[in-house]
Amino acid sequence: MTINKMQQGTQLTFALTGRLDTNTAPQLETELKRSIDGVTDLTFDFAGLEYISSAGLRILLAAQKTMNRQGSMTIRNVNETVSEVFDITGFSEILTIE
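These notes cover the structure that comes with them. (Residues numbered from 1 in each chain as written. Predicted model: local features only at pLDDT ≥ 70, side-chain atom pairs only at ≥ 80, totals over all residues. Heavy atoms only, no water.)

Below, the discussion takes up the sheet that holds strand β3 (residues 41-52). Sheet strands line up and pair through hydrogen bonds in the backbone, either parallel or antiparallel. Across the sheet, which stays open at both edges, the four strands sit in the order β1-β2-β3-β4 with mixed pairing between neighbours. Two strands in the sheet have a free side with no partner beyond their single neighbour: β1 (2-8) and β4 (72-76). Direction aside, neighbouring strands of the sheet carry axes that sit 15 degrees apart on average. Two elements, β3 and β4, share five bridges in a ladder whose sense is parallel. (Pairing = 2+ DSSP bridges. Helix = DSSP H or I, 4+ residues; strand = E, 2+ residues; numbered from the N terminus. Axes fitted to C-alpha atoms, helices over the stretch in contact; angles between N-to-C directions.)

For the rest of this paragraph, the subject is a negative patch on the surface. Where like charges cluster on the molecular surface, the negative patch consists of E80, E84, D87 and E93. Sort the elements by how many residues they give to the negative patch and helix α3 (residues 80-89) lands first, with three residues. Note on E80: relative accessible area 68%, which makes it exposed. (Patch = residues over 30% accessible without salt bridge, like charges linked within 9 Å, V, L, I, M, F, W, Y side chains within 5 Å. Areas by Shrake-Rupley, 256 points an atom, 1.4 Å probe, with all protein chains shown as cover. Salt bridge = Lys/Arg side-chain N within 4 Å of Asp/Glu carboxyl O. Lys, Arg positive; Asp, Glu negative; His and termini not counted. Charge placed at Lys NZ, Arg CZ, Asp CG, Glu CD. Buried < 20%, exposed > 50% of the residue type's maximum accessible area, 1.4 Å probe, protein only.)

Structural data, given as structure tokens:
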């Protein structure tokens, strides 16, 4: 998985490419912990994300809990496969997906 991080003031965007799974989730978790302080608007761009596992879902849930206290979190450009995972797990009810 490739992580492209873009920050403008308190706005932070992570553009992910590849697979967010057990092997790559720790990389995203580390990057989030390093970057999320002071962020009020967190966006994930999933245009290049092919797959998400339960390990990836756990990272998103933790990020959402943090952003509930700090501001807002949005997920954009979700493909059909990832969208189906969100629907089956109920994450589509918890997360803001555009």
